[in-house]
Number of protein chains: 2
Amino acid sequence: MKNIEFVRPEEIEKRSFEIIQKELDEKGIVLPKDQAMITKRAIHTSADFDYAKTLTYSENAVNILKELIKNGADIVTDTNMALTGINKKVLASFGGEAHCFMADPDIASEAKKRGVTRASVSMEHASMIDKPVIFAVGNAPTALISIYELMTRTDWKPAFVIGVPVGFVNVEASKELFIASDVPCIINRGRKGGSNVAAAICNAVLYELGKERL
Amino acid sequence: MKNIEFVRPEEIEKRSFEIIQKELDEKGIVLPKDQAMITKRAIHTSADFDYAKTLTYSENAVNILKELIKNGADIVTDTNMALTGINKKVLASFGGEAHCFMADPDIASEAKKRGVTRASVSMEHASMIDKPVIFAVGNAPTALISIYELMTRTDWKPAFVIGVPVGFVNVEASKELFIASDVPCIINRGRKGGSNVAAAICNAVLYELGKERL
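This report concerns the structure included in the present document. As the structure is a prediction and not an experimental result, all values here were calculated from the model.

**Examining the overall build of chain A**
Helix and strand counts for chain A stand at eleven helices and six strands. Taking 214 residues into account, the globule formula puts the C-alpha radius of gyration at 17 Å, and chain A, at 17 Å, falls close to it. Projecting the C-alpha coordinates of chain A onto the three principal axes gives extents of approximately 55 × 40 × 35 Å. Expressed as a percentage of the 214 residues in chain A, the buried residues total 57%. Here the contacts in chain A between residues at least 6 apart in sequence split such that 64% fall between residues at least 24 apart. If you sum the accessible surface of chain A, you get close to 9,600 Å²; carbon and sulfur atoms cover 49% of it. Side chains of chain A give 27 positive and 28 negative charges; the mean places of these two sets differ by 4 Å.

**Some remarks on the pattern of salt bridges**
Going through the model one piece at a time under the given rule, you end up with 38 salt bridges over all chains. Put simply, Arg114(A) and Glu110(A) hold a salt bridge, and the shortest N to O gap is 2.6 Å. With Arg114(A) and Glu110(A) both in helix H7 (residues 105-114) and four residues apart, the pair spans about one turn of that helix. The exposure class assigned to Arg114(A) is partly exposed, which follows from its relative accessible area of 41%. The shortest N-O distance in the salt bridge between Asp182(A) and Lys157(A) comes to 2.8 Å. In this pair, Asp182(A) is assigned in the loop between helix H10 (171-179) and strand E6 (185-188) and Lys157(A) in the loop between helix H9 (141-153) and strand E5 (160-163), connecting sequence segments 25 residues apart. Three or more residues are tied together by salt bridges with common partners; here these are Asp48(A), Asp50(A), Lys192(A), Asp48(B), Asp50(B) and Lys192(B).

**As for the sheet that holds strand E3 (residues 98-99) of chain A**
Residues and elements named next belong to chain A. A sheet is described by the order of its strands in space; here six strands give the open sequence E1-E6-E5-E4-E2-E3, paired in mixed fashion. Of all the strands in the sheet, the pair left with one neighbour each is strand E1 (55-57) and E3. Sheet topology places strand E2 (residues 74-77) next to E3; two bridges connect them, and they run parallel. Across the sheet, the residue bridging to Ile75 is Ala98, located in E3. Strands in contact with H10 are E1, E5 and E6; relative to E6, the strand with the most contacts, it is inclined by about 150 degrees.

**Things to note about the relation of the copies chain A and chain B**
Least-squares fitting of chain A to chain B yields an RMSD of 0.0 Å, with the transformation described by 0.0 Å of translation along the axis and a rotation of 180 degrees. Viewed as a symmetry operation, the transformation between the two copies matches a two-fold axis. Rotation axis and chain A: the residue whose C-alpha lies nearest the axis is Met81(A), separated from it by 2.5 Å. A shared interface surface links the copies, since 100% of the contact residues of chain A are contact residues in chain B too.

**Some remarks on unusual backbone geometry**
Residues and elements named next belong to chain B. Phi at Ala47 takes a positive value of approximately 55 degrees, unusual for a residue other than glycine. The backbone of Asn60 sits at a positive phi, close to 60 degrees, despite the residue not being glycine. Within the element layout of this structure, Asn60 appears in the loop between strand E1 (55-57) and helix H4 (61-70). On the basis of relative accessibility, which here comes to 44%, the residue Asn60 falls in the partly exposed class.

**A look at the interface of chain A and chain B**
In this assembly, 46 residues from chain A lie in contact with 46 residues from chain B. Summed over the shared surface of chain A and chain B, the result is four salt bridges. Where Asp48(A) meets Lys192(B), a salt bridge forms, and the shortest distance between an N and an O atom there is 3.8 Å. If you look at where chain A meets chain B, you find six residue pairs in polar contact (both at pLDDT 80 or more). Of all the secondary structure elements, the ones that give two or more residues to the side of chain A that touches chain B are helix H1 (9-26), helix H2 (33-46), helix H5 (80-85), H9, H10 and helix H11 (195-213) of chain A. No other element matches H1(A), which puts seven residues into the side of chain A that touches chain B.

**Considerations on the pairing of E2(A)**
Residues and elements named next belong to chain A. Side chains Asp74 and Val76 project from E2 onto one buried face, and the interleaved Ile75 and Thr77 project onto a second face that is buried too. Two elements, E2 and strand E4 (residues 133-137), share four bridges in a ladder whose sense is parallel. From the neighbouring strand, Val76 faces E4, where its bridge partner is Phe135.

**Let's talk about the packing of aromatic side chains**
Across all of its chains, the model carries six aromatic pairs over all chains by this definition. Between Phe49(A) and Phe168(B), the ring centres sit 6.1 Å apart and the planes meet at 80 degrees, which makes this aromatic pair edge-to-face. Taken together, the positions of Phe49(A) in the loop between H2 and helix H3 (51-54) and Phe168(B) in the loop between strand E5 (160-163) and helix H10 (171-179) put the pair across two chains. Relative to Trp156(A), the ring of Phe135(A) has its centre 5.7 Å away and its plane inclined at 85 degrees; by these criteria the two rings are edge-to-face. One end of the pair, Phe135(A), is in strand E4; the other, Trp156(A), is in the loop between H9 and E5, with 21 residues separating them in the sequence. Residue Phe135(A) is classed as buried on the basis of its relative accessible area of 0%. Sitting over the face of the ring of Phe49(A), Lys27(A) holds its NZ or CZ atom 4.7 Å from the ring centroid.

**Quick word on the packing of H9(A) against H10(A)**
Residue and element names in this part refer to chain A. Packing of H9 against H10 brings their axes to within 9 Å, and their N-to-C directions diverge by 35 degrees. Judged by the sense of rotation from one axis to the other, the crossing of H9 with H10 is left-handed. For the pair H9 and H10, contact is made by Pro141, Leu144, Ile145, Ile147, Tyr148 and Met151 and by Val171, Ser174, Lys175, Leu177 and Phe178, respectively. Per-class residue counts for the contact of H9 with H10 are nine nonpolar, one polar and one charged.

Here is what the cut-offs are and how they apply
- Residues numbered from 1 in each chain as written.
- Chains lettered and ligands numbered in written order.
- Predicted model: local features only at pLDDT ≥ 70, side-chain atom pairs only at ≥ 80, totals over all residues.
- Heavy atoms only, no water.
- Helix = DSSP H or I, 4+ residues; strand = E, 2+ residues; numbered from the N terminus.
- Rg over C-alpha atoms; globule rule 2.2 N^0.38 Å.
- Buried < 20%, exposed > 50% of the residue type's maximum accessible area, 1.4 Å probe, protein only.
- Contact = heavy atoms within 4.5 Å.
- Areas by Shrake-Rupley, 256 points an atom, 1.4 Å probe, with all protein chains shown as cover.
- Lys, Arg positive; Asp, Glu negative; His and termini not counted.
- Charge placed at Lys NZ, Arg CZ, Asp CG, Glu CD.
- Salt bridge = Lys/Arg side-chain N within 4 Å of Asp/Glu carboxyl O.
- Pairing = 2+ DSSP bridges.
- Axes fitted to C-alpha atoms, helices over the stretch in contact; angles between N-to-C directions.
- Least-squares fit on C-alpha atoms with pLDDT ≥ 70 in both.
- Polar contact = N/O pair within 3.5 Å; in protein donor to acceptor, adjacent residues only side chain to side chain.
- Phe/Tyr/Trp six-rings, centres within 6.5 Å; stacked < 30°, edge-to-face > 60°.
- Lys NZ or Arg CZ within 6 Å of the ring centre and 35° of its normal.
- Left-handed = near helix turned anticlockwise from the far one by under 90°.
- Nonpolar A, V, L, I, M, F, W, Y, C, P; charged D, E, K, R; others polar.

Below, the structure is given as structure tokens:
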């Protein structure tokens, strides 16, 4: 078949990451060693090299995220697509669970009553989980804004924020709130992101921890 | 809060599409009328205006896709993330069902035995569904290649192909196979795509058909 090259299934991912690394080299982009596997997985899931420039890590973010997962932290996300994509098996092997409350009818009815988004109410609900929680926001800036409001209004703080909502309304500003905060976080500056990117960031860390354990 | 503007939940999407339209106008891009709602939803889900240039529609594609859904066609996708994202309720209201066979243990074991991808076996499996099927490929180029091989080897043909796999190995070539074919299709030229984009394309049509029906 025209221009189709046979690559063995188990080699497709490896080959993809080699191409990504080669193109990063050609562009003269050197990723910090600890961040590389996350940034490259975001590029792998989107075929978008912008992530090499826009993914923004707070100090020591990758280590903090790894330690949280190793110690059984939960992950809360704002989309069922990200929940589907996150490797829940590896997460569970460390004692963590992944949640998305967006389809919960109680969340929907409270959101409607209060005139706020379901994402916003979901995050408030998640803030009551009695263990460290990693927030992986892949869709709604209102989820990030809601986490930030809770932080400023109460003593509560998220253990970690993966902030990669996508879109056009308040997306950039909601991300800047966290870049300027002292919350450990990985944020994609600008408009881009998505549930696929949120899942990819979680999985990059989960796969690496899974391998270290073998 | 800094730079955060309050937008009522029910207005966020409307506002987003206004911004997308405004920026398309500024770029001098005029989308064909029937394609506009699909292309704009792909931009909405990715914040990536490249889709305005790379989404490629075969002749009369949007009408064909609408008619298929109206007549109860099923959708088969190559990722559980896309399956999660597709509005199955609206699809079901027309008599269609959405499927993803990727997590099926039989598919996995057959793929391993034959040294091919699960996506490839999934598509072969889907080709045996005894009604019109829309293939929505958001991840694996091997899914597209497998559909194409079936077409050339047998009399079978897919009713429609949404071909938006993402990545670096055979992605571009697998898409060109369909652009050059006589299969009704919507293909995103180049490396970009994803399960979010596959779901967005399905949903653009489902939402419009859902509204028309009200």
